[in-house]
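Inside the fold
Chain by chain, the residues:
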Amino acid sequence: GDAGGGGGGGGGVLAPRQGKEDIVTMAARKNAEAISNGMKKNAVLPTKANGIPSGDTNGDIESSLDGPRRSVEDASVDTTIESVAKPAACSDALAADDDATAGKATSTEVKLRLTPEESRLFKLLTDAAEAYESGKLTVNPNPTEQSVSARGGFVKQETTDDKSWLKPPPEVEKIEIRVAGGWVRDKLLNQHSCDVDVALDCMMGVQFARIVQSYMALQQEEDEKNGVLDVASAAEGGEGLGSCCGEAAKDDASHPKKCKNSKQSKNQKKKPKQPKIGVIGANPSQSKHLETATMNIHAIDIDFVNLRAEEVYLPGSRIPTSDTRMFGTPLEDALRRDFTINSLFYNVRSGRIEDWTGKGLGDLSVHRRIVTPVDPHVTFHDDPLRVLRAIRFAVRLDFELDETIMEAARSNRVHHSLHVKVSRERVGKELEGMLSGKHARPAVALNMIADLHLAGSVFCFPGSFPGDVGADKPGEGEEEGGPVVSGNILGVEYNCGLGSGGADAEKLASRQRARGWEESSALLSLLPELMEGHAGERVLLQSLPLTVNNTRLLHLCVFILPFHNLSFPDKKGTRTISVTAHMMKEALKFPQRDVQAVSKILSNVDEMAAILSEIRSQLLQREAQEEGEAPIEITPPCRMRTGLLLRSLKEHWVTCLLTAAAWENRSHKRLDDGDLDSFRAMAASATSAASASRVSVEQPSRELYRAIVSDLDLDECWRVPPHLDGKKMIKELSLPKGPIVGEYLADQTQWMLLHPEGTKEECTEYLRARKREREEEERLAAEKKERDEANLVVANGEGCSAQQIAEGVNGAEQLSKETRVEK
């Protein structure tokens, strides 16, 4: 742990744990020591007997890196620190000079802009470290649950003695404080970041967090004695003075006791709270390798962790053994980061950027690419979620994915690890980062997911990940390996459960799913033109409609649209569940409101597409007219049919319209290409390829949108109150309580859609007429039932007198006569 390789860590870096070492463990320790001390130029990290690198580092550092740095001096880059009044990313676009500065960043000099809050935070961390190193600060050995508490990730049976947050910090000569990862990347790109990750070289994160917490408490006591606000108060908006008039007012007898412009009296009455520490335990089986302490200081969220060391595993396990060293070097930690652009450190005490891989700054500001510090297969196996993070960073930063990353992302091993090793909540959160927020480009992100063959690992089918329905043991309607999914994909019958039905059936189903994801990309390619046409139509309307498109849900719906006709039975076998709903709820763990919205859109998309297809037919007829003929007017769709569709979709009808437009367009495209499978999926169409080409992609949806908003005036029709609610309906029509009331409410809805200007009295009269019709229908049905029974008696002829048989024959003849009249 000397200054050469341990980041200037002094005597704080603990030695490797003593005990019996196998060859792999010994190689790991010796190699790490060699790198740390700068003694070995071409250090080779250990590999297992099967050739797979130990931990997540490549077998040969030099073959995967352009010269990793061996000392703090080599890794450090001259850094200019500037203060800014506001975060740099408050505006959507970077200033021209900022772009020029970012583009010229080199390995010899960079510029870092700190907000006042960040400057105060780093000063606080430095002061706390210096106070502890000098012995002026002592840490409370018995923290309370109010000051330090566990927030998950720990074993329930863990004893009090094993709790890491109760262990006091070790005595060290110097604490190197490094800010790691995303904060450094965003700052160098002149973007704002509100999360700070601090990496320590000589103690656990919670131990340093307790040092900071104790220092803040000490500062608060001193400030209270001196009559100034404490550190925590300043974080909440105070200026560090006890009164608005400053120190000069203390001895001024003429100064008023209560100053209107001061919060002195409030601060004296209410003692500010110290920030609490939350501890999240490590969980290597779920790719959570480090214990993390969290705090919020000066409105900045901070995570404290220790530098990660070379890990030693038993064969077939991903949980580090006790031979793994507690603390790593900055180089070891940098090699374990996901990407080179996230492997940069900002050394708070030296005020310099450190690039231990030797590639981070170049990949960030020159090459603008996403690259892993070591072999991407190893990096992704260490945490398979990183393959999705690569897509998110590439999309948001507009960077390119390195070819080696793309190759690794397509490997079956990475796909399998993403299925079984990463929690579905983490997958859903990563996908959400691609769909929404600043600089999000959902179409690009989803296309990359499909291109890298990751769609099936993100939008999983039932039974394909641990804990999913049927994944552990089959239930009713399930086979071993998952429930049987039935329906069709692009018109081709699909009937298969994952892992069931034999190898041939699974291969066929796999090809069908792959064909579906290919169709997803084709559907996404239509959205830009459809959305542009929709936006243009909105502008042309006299009054701006209230219902708008949800871009996030639109891309989700379009991407999983090829699978909306698939379903499977639940565990009890009493109802069916759509595969797309399962993708949203179980595979992505999205909120229930998203599950319901997507389910509603996809359950109505076929009806919306049918209306669009009818409009397309009218457009084609108009296009086929001879010159000089009177143009055919486009007839708006049935108001009741369209209104019932909108009442079902509510605020999602525009999103459903654009989703259906993509689906309807692709159906005609597949027909034109002679895709017989798609032909079976869609309604038969007599449209020729030449005619179809004359109708633009967005034209049918624009016509329908205009008809709904202008001609039919149906936007927000679901908000129109009924003339009669349930109670009034029962009273006006003398109805019994029960399901019959719902039938009359449905009748009322249809009548109001057909008669938007109709009055309450007219509606009531219509409902009374409907009641008379129903009563007459019920009477005729009862008589028909009696006559059917009489016919049965005649047919059997058992136990009947001649008179009864004659009456039955006459009844049958009368029934036949009345039936003809009814028809």
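Residues numbered from 1 in each chain as written. Predicted model: local features only at pLDDT ≥ 70, side-chain atom pairs only at ≥ 80, totals over all residues. Heavy atoms only, no water.

The next subject is the overall build of the protein chain. Along the backbone of the protein chain there are 31 helices and 18 strands. Per-residue burial over the protein chain gives 49% buried out of 823 residues. Look at the contacts in the protein chain between residues 6 or more apart in sequence, and 71% of them connect residues 24 or more apart. Just so you have it, the protein chain exposes about 40,000 Å², and 51% of that area is on carbon and sulfur atoms. (Helix = DSSP H or I, 4+ residues; strand = E, 2+ residues; numbered from the N terminus. Buried < 20%, exposed > 50% of the residue type's maximum accessible area, 1.4 Å probe, protein only. Contact = heavy atoms within 4.5 Å. Areas by Shrake-Rupley, 256 points an atom, 1.4 Å probe, with all protein chains shown as cover.)

Counting across every chain of the model gives 13 aromatic pairs. Ring geometry for phenylalanine 122 and tryptophan 183: centres 5.4 Å apart, planes at 85°, overall edge-to-face. Here tryptophan 183 lies in helix 6 (residues 182-188) and phenylalanine 122 lies in helix 5 (residues 116-133), a separation of 61 residues in the sequence. Take phenylalanine 122 and tryptophan 183: they sit in the same class, and that class is buried. Ring geometry for tryptophan 517 against phenylalanine 563: centres 4.5 Å apart, planes inclined by 50°, an arrangement best described as tilted. With a gap of 46 residues between them, tryptophan 517 in helix 19 (residues 502-540) and phenylalanine 563 in the loop between helix 20 (551-560) and strand 17 (566-569) connect regions that are remote in the sequence. Taken individually, tryptophan 517 and phenylalanine 563 each receive the classification buried, so the pair is uniform in this respect. Here the guanidinium or amino end of arginine 392 rests over the ring plane of phenylalanine 393, the centre of that ring lying 4.9 Å away. (Phe/Tyr/Trp six-rings, centres within 6.5 Å; stacked < 30°, edge-to-face > 60°. Lys NZ or Arg CZ within 6 Å of the ring centre and 35° of its normal.)

Our next topic: the nonpolar core. Residues Ile175, Phe208, Leu431 and Phe459 are the most contacted members of the largest nonpolar core, which totals 153 residues. When neighbours within four sequence positions are excluded, isoleucine 175 is seen to be in contact with Ala129, Tyr132, Glu133, Leu200, Asp201, Cys202, Met203, Phe208, Ile211 and Arg349. (Core = buried A, V, L, I, M, F, W, Y, C linked by side-chain atoms within 4.5 Å.)

Working note: α-helix, 3.6 residues per turn, so residues spaced by three or four point in the same direction. Within helix 21 (residues 579-587), seven of the nine residues are buried, leaving the element largely enclosed by the surrounding structure. Within helix 21, burial applies to Val579, Thr580, Ala581, His582, Met583, Met584 and Ala587. Just beyond helix 21, the residue with positive phi is lysine 589, at close to 55°.

Bringing the sheet that holds strand 15 (residues 485-489) into the picture now. On the basis of which strands lie adjacent, the open sheet formed by four strands has the order 16-15-17-18 and antiparallel pairing. In this open sheet, the two edge strands, each paired with only one partner strand, are strand 16 (492-496) and strand 18 (576-578). When strand polarity is set aside, the average angle formed by the axes of neighbouring strands in this sheet is 20°. Relative to strand 16, strand 15 is paired through five bridges, and the arrangement is antiparallel. In the sheet register, serine 486 faces strand 16, and the bridge partner there is asparagine 495. Across the sheet, helix 21 lies against strand 15, strand 17 and strand 18, angled at about 70° from strand 18, the strand it touches most. (Pairing = 2+ DSSP bridges. Axes fitted to C-alpha atoms, helices over the stretch in contact; angles between N-to-C directions.)

Our focus in this paragraph is the environment of valine 305. Its location among the elements puts valine 305 in strand 8 (residues 300-306). If sequence neighbours within four positions are ignored, valine 305 has contacts with Val198, Ala199, Leu200, Gly205, Leu290, Glu291 and Thr292.

When pLDDT is averaged along the protein chain, the result is 77, and 69% of the positions lie at 70 or above. Taken as a whole, residues 153-161 scores under 50 in pLDDT and shows 10 contacts with residues more than four places along the chain or in a different chain. (pLDDT = per-residue confidence, 0-100.)

Turning next to the packing of helix 13 (residues 386-397) against helix 16 (residues 424-435). Packed helices, taken two at a time, are described by their axes: the angle between them and the distance between them. Taken N-terminus to C-terminus, the directions of helix 13 and helix 16 make an angle of 10°; their axes are 9 Å apart at the nearest point. Overall, the two elements helix 13 and helix 16 adopt an arrangement that is roughly parallel. Seen along the crossing, helix 13 lies across helix 16 with a hand that is left-handed. Every residue of helix 16 that contacts helix 13 at Leu388, Arg389, Ile391, Arg392 and Arg396 is listed here: Val427, Glu430, Gly433 and Met434. Grouping the amino acids of the contact of helix 13 with helix 16 by side-chain chemistry returns four nonpolar, one polar and four charged. (Parallel < 35°, antiparallel > 145°, perpendicular 65-115°, else oblique. Left-handed = near helix turned anticlockwise from the far one by under 90°. Nonpolar A, V, L, I, M, F, W, Y, C, P; charged D, E, K, R; others polar.)

It is worth spelling out the side chain of arginine 538 at this point. Summarising the element assignment, arginine 538 is placed in helix 19. A polar contact of 3.3 Å, which involves the side chain of arginine 538, links it to the backbone oxygen of threonine 547. If we skip the residues at most four places from it in the chain, arginine 538 touches Leu544, Pro545, Thr547, Val548 and Tyr705. (Polar contact = N/O pair within 3.5 Å; in protein donor to acceptor, adjacent residues only side chain to side chain.)

Burial along strand 4 (residues 177-180) is two-sided: Ile177 and Val179 facing one way and Arg178 and Ala180 facing the other are all buried. Where strand 4 meets strand 5 (residues 195-200), four bridges bridge the pair, whose relative direction is antiparallel. Within strand 5, the position partnered with valine 179 by the bridge is valine 198. Note that strand 4 and strand 9 (residues 345-347) share three bridges and pair antiparallel. Paired with valine 179 across the bridge in strand 9 is tyrosine 346.

What follows covers the pairing of strand 15. Once strand 15 ends, the chain turns through two residues before running back antiparallel as strand 16, passing leucine 490 with a positive phi of about 55°. As judged from the two bridges shared by strand 15 and strand 17, these two strands associate in the antiparallel manner. Within strand 17, the residue paired with serine 486 across the bridge is serine 567.

Further remarks concern the packing of helix 28 (residues 726-733) against helix 29 (residues 739-754). Where helix 28 contacts helix 29, the axes come no closer than 10 Å and their chain directions differ by 100°. With respect to helix 29, the axis of helix 28 lies roughly perpendicular. Seen from helix 28, the contacting residues are Gly726, Met729, Ile730 and Leu733; seen from helix 29, they are Val741, Tyr744, Leu745 and Gln748. The class makeup of the residues in the contact of helix 28 with helix 29 is six nonpolar, two polar and no charged.

On to the pattern of salt bridges. In total, this model carries 45 salt bridges according to the counting rule given. Taking the shortest distance from any N to any O, the salt bridge between arginine 441 and aspartate 398 comes out at 3.5 Å. Note that arginine 441 is positioned in the loop between helix 16 and helix 17 (442-451) and aspartate 398 in the loop between helix 13 and strand 12 (400-401), a separation of 43 residues in sequence. One salt bridge in this structure joins aspartate 788 and lysine 784, with 3.5 Å as the shortest N-O distance. Of this pair, aspartate 788 and lysine 784 both sit in helix 30 (residues 760-796), separated by four residues, roughly a single helical turn. Of the residues examined, aspartate 788 reaches a relative accessible area of 36% and is grouped as partly exposed. Each of Glu743, Asp747, Arg770, Glu773 and Arg774 takes part in one network of salt bridges that share partners. (Salt bridge = Lys/Arg side-chain N within 4 Å of Asp/Glu carboxyl O.)

Right, let's talk about unusual backbone geometry for a bit. Of note in this structure, alanine 299 is not a glycine but carries a positive phi near 65°. Considering the arrangement of structural elements, one finds alanine 299 in the loop between strand 7 (292-297) and strand 8. For lysine 589, which is not glycine, the phi torsion reads 55° and is therefore positive. Here lysine 589 is to be found in the loop between helix 21 and helix 22 (592-623).

Our focus in this paragraph is helix 5. Look at helix 5: 26 Å from first C-alpha to last across 18 residues, which is about the 26 Å you get at 1.5 Å a residue. Of all the residues in helix 5, the buried ones are Glu118, Leu121, Phe122, Leu124, Leu125, Thr126, Asp127, Ala128, Ala129, Ala131 and Tyr132. Immediately downstream of helix 5, the backbone of glycine 135 shows phi near 85°, a positive value. (Expected span 1.5 Å × (residues − 1).)

Along the chain, arginine 616 turns up in helix 22. Of the residues examined, arginine 616 reaches a relative accessible area of 2% and is grouped as buried. C-alpha separation for the pair arginine 616 and glutamate 703, spaced 87 residues apart in sequence, amounts to 9.3 Å.

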